[in-house]
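Breakdown of the fold
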Amino acid sequence: MSDIRRRKPSKERNGDEFLELSGNEIPKRATINVIQVSTFLTLVVGTTFGCFLGGPWSQPVVDFLRGYRWDYNKRCINEPPDSHGYGVDFCRIPADCSFCSDVHEIDEFHVSEISHHNFSKRYAHTNRPLVVRNASSHWKAMTDFNYYWLKEQYTRDPETLSSQEDGCWFNRYKTFELINLAAVFRLPDSRVRMEPGEDPWYVGFAVCPPSVADAVHQLIEQPKFIPEYLPLSTPYVFIGTPGPGAHPHVDHLTLPNWQAQISGEKKWTLTAPPECYWTCGNKPLEKIVYPGDIIVVNINYWFHSTQILGDQLSLVITNVIN
């Protein structure tokens, strides 16, 4: 009798593997785990969302939704220049939004209707914006102060312009070709007088040379509704032709100021800072000021922009309220 052949172990395929079975073993059935589609989608969405929030590209989206750019290191709000380099690069402390919670318009009074007491109580320390009509109509500046008066004061002595350019504040806004005050006083008469075909222009500057600042102070005085014991400080001048003025921005000075409209017409637009949206909203507050009017506004809190109206050169003298 021939030898009984021993049965060779068989191999049975299970997926990509082979299970070796002896002659007496029963094949084992492989286990397949099934993941529900909803669970799989949840994992994909969660992973994607988590990677997005943790990635560097998430910050611009968050800034857009909030309306401002938060500096996590300095714990303040960045106010960078725009894409054209227009504006001042600084980081500001978030505003206490109580200053605008009950402001729905720019208040307006005739100069005879507001006293020192009323101004000090309601406006001096509350950052409420205010326009006072005819507050500077009696100033000598209303007749003597103009572009050519400024040009004569600055150009009679070459050293005057040199001292003005030595670290003194100057903003050309979007008139990019006017790189300094000397360029402003080299403008042709046709552009100063806004003859047809000439481009608009608008600048602001601090009057730093003591001789020119003293001459300006002789043409103005402290507004009647502000206590007389508060001294005048370095004057600022904003001058330009009809058209765009300042873009929407906020400043970083230490004090509020008043701005006297000497000539021309200017429309002011104020909005609350973006971090105050839920308290104050974002409705713009607008008011037009005319020659002889003074607007009081804390430009360190209110985002503000201006536009020159009418057909006259706009000329404004500004002073801080100490």
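Residues numbered from 1 in each chain as written. Predicted model: local features only at pLDDT ≥ 70, side-chain atom pairs only at ≥ 80, totals over all residues. Heavy atoms only, no water.

**Quick word on helix 9 (residues 210-217)**
Stated formally: When a residue's accessible area, from a 1.4 Å probe over protein chains only, is under 20% of the maximum for its type it is buried; when over 50% it is exposed; and in between it is partly exposed. Secondary structure elements follow DSSP: runs of H or I no shorter than four residues count as helices, runs of E no shorter than two count as strands, and numbering proceeds from the N terminus. This arc is built from the directions going out from the helix axis to the C-beta atoms. Contacts were defined at the residue level, with two residues in contact if any of their heavy atoms lie within 4.5 Å.
Residues Val212, Ala213, Ala215 and Val216 constitute the buried set of helix 9. Along helix 9, the residues classed as buried sweep out an arc of 160 degrees about the axis, all on the same side. Among the structural elements, helix 5 (147-155), helix 6 (158-164) and strand 17 (314-320) are those in contact with the buried residues of helix 9.

**Focus: the sheet that holds strand 3 (residues 69-71)**
Note the following rule: DSSP bridges decide pairing: two strands pair if at least two such bridges lie between them. The convention used is that axes are lines fitted to C-alpha atoms, helices contributing only their stretch in contact, and that angles between N-to-C directions extend from 0 to 180 degrees.
With respect to topology, 3 strands assemble into an open sheet ordered 3-4-5, the strand pairing being antiparallel. Where the open sheet ends on each side, the last strands, each with one partner, are strand 3 and strand 5 (90-92). Ignoring which end each strand starts from, the neighbouring axes of this sheet average 45 degrees apart. Where strand 3 lies against strand 4 (residues 76-79), 3 bridges are found, and the strand directions are antiparallel.

**Regarding the packing of aromatic side chains**
Basically, it comes down to this: Between rings of Phe, Tyr and Trp, where Trp is taken as its six-membered ring, a pair exists when centres lie within 6.5 Å; planes separated by under 30 degrees are stacked, by over 60 edge-to-face, and by other angles tilted.
The final tally for this structure, using the stated rule, is 16 aromatic pairs. Seen in terms of ring centroids, Tyr173 and Tyr202 are 5.1 Å apart; in terms of plane orientation they differ by 55 degrees. Their pairing is tilted. On the criterion of sequence distance, the pair formed by Tyr173 in the loop between strand 8 (170-171) and helix 7 (181-184) and Tyr202 in strand 9 (residues 202-206) is long-range, its members being 29 residues apart. Chaining the aromatic ring pairs together yields one cluster made of Tyr147, Tyr148, Tyr154, Phe185, Trp201 and Phe205.

**Considerations on helix 5**
All buried positions along helix 5 are accounted for by Tyr147, Trp149, Leu150, Gln153 and Tyr154. What you see down the axis of helix 5 is that its buried residues fit within an arc of 165 degrees, all on one side.

**Observations regarding the state of the cysteines**
Operational definition: Cysteine sulfur atoms that come within 2.5 Å of each other are treated as a disulfide pair.
On inspection of all chains with the given rule, the structure shows 4 disulfides. Disulfide pairing is shown between Cys97 and Cys276; the S-S distance is 2.0 Å. Taking the sign of the S-S torsion, -85 degrees for the link of Cys97 and Cys276, the bridge is left-handed. Placement of Cys97 in the loop between strand 5 and strand 6 (107-110) and of Cys276 in the loop between strand 13 (265-271) and helix 10 (277-280) is noted, with a sequence separation of 179 residues between them. Each member of the pair Cys97 and Cys276 is classed as buried. Here Cys168 engages in a disulfide with Cys208; their sulfurs sit 1.8 Å apart. With the S-S dihedral at roughly 85 degrees, the linkage between Cys168 and Cys208 falls on the right-handed side. With Cys168 in the loop between helix 6 and strand 8 and Cys208 in the loop between strand 9 and helix 9, the pair connects residues that are 40 residues apart, well separated along the chain. Taking the relative accessible area as the measure of exposure, Cys208 reaches 35% and is therefore partly exposed.

**Observations regarding the pattern of salt bridges**
Condition: What makes a salt bridge here is a side-chain nitrogen of Lys or Arg within 4 Å of a carboxyl oxygen of Asp or Glu, nothing more.
One pass over the structure, following the stated rule, counts 10 salt bridges. Note that Arg122 is salt-bridged to Asp107, the shortest N-O span being 3.9 Å. One end of the pair, Arg122, is in helix 3 (residues 116-122); the other, Asp107, is in strand 6, and 15 residues separate them in sequence. What makes Asp107 buried here is its relative accessible area of 11%. The salt bridge partner of Asp293 is Arg133, with a shortest N-O separation of 2.5 Å. Of this pair, Asp293 sits in the loop between strand 14 (285-289) and strand 15 (294-297) while Arg133 sits in strand 7 (residues 130-133), and the two are 160 residues apart along the sequence. Here the two residues Asp293 and Arg133 agree in accessibility, since each one is buried. Via salt bridges that share partners, Asp102, Asp107, Arg122 and Arg128 belong to a single interconnected network.

**Here we look at a negative patch on the surface**
Quick reminder of the rule: Nonpolar side chains (Val, Leu, Ile, Met, Phe, Trp, Tyr) are joined into patches within 5 Å and like charges within 9 Å, using only residues with over 30% relative accessible area and no salt bridge. For the area figures, the Shrake-Rupley method with a 1.4 Å probe applies, and any residue is considered shielded solely by the protein chains shown. Charge counting treats Lys and Arg as positive and Asp and Glu as negative, with His and both chain ends excluded. For this purpose, a charge sits on NZ of Lys, CZ of Arg, CG of Asp or CD of Glu.
Taken together, the side chains of Asp189, Glu195, Glu198 and Asp199 present a region of like negative charge at the surface. Within the secondary structure layout, Glu195 lies in the loop between helix 8 (189-192) and strand 9. What makes Glu195 partly exposed here is its relative accessible area of 37%.

**Regarding the environment of Pro200**
Of note, Pro200 is situated in the loop between helix 8 and strand 9. A residue is classified by how much of its surface remains accessible, and Pro200, at 45% relative accessible area, is partly exposed. Sequence separation of Pro200 and Pro244 is 44 residues, and the distance between their C-alpha atoms is 8.0 Å. Setting aside residues up to four positions removed in sequence, Pro200 forms contacts with Thr175, Arg191, Thr241 and Pro242.

**Quick word on unusual backbone geometry**
Unusually for a residue other than glycine, Arg75 sits at a positive phi of about 60 degrees. If you trace the backbone, Arg75 turns up in the loop between strand 3 and strand 4. A positive phi angle, near 50 degrees, is found at Tyr173, a position not held by glycine. Residue classification places Tyr173 among the buried positions, given a relative accessible area of 6%.

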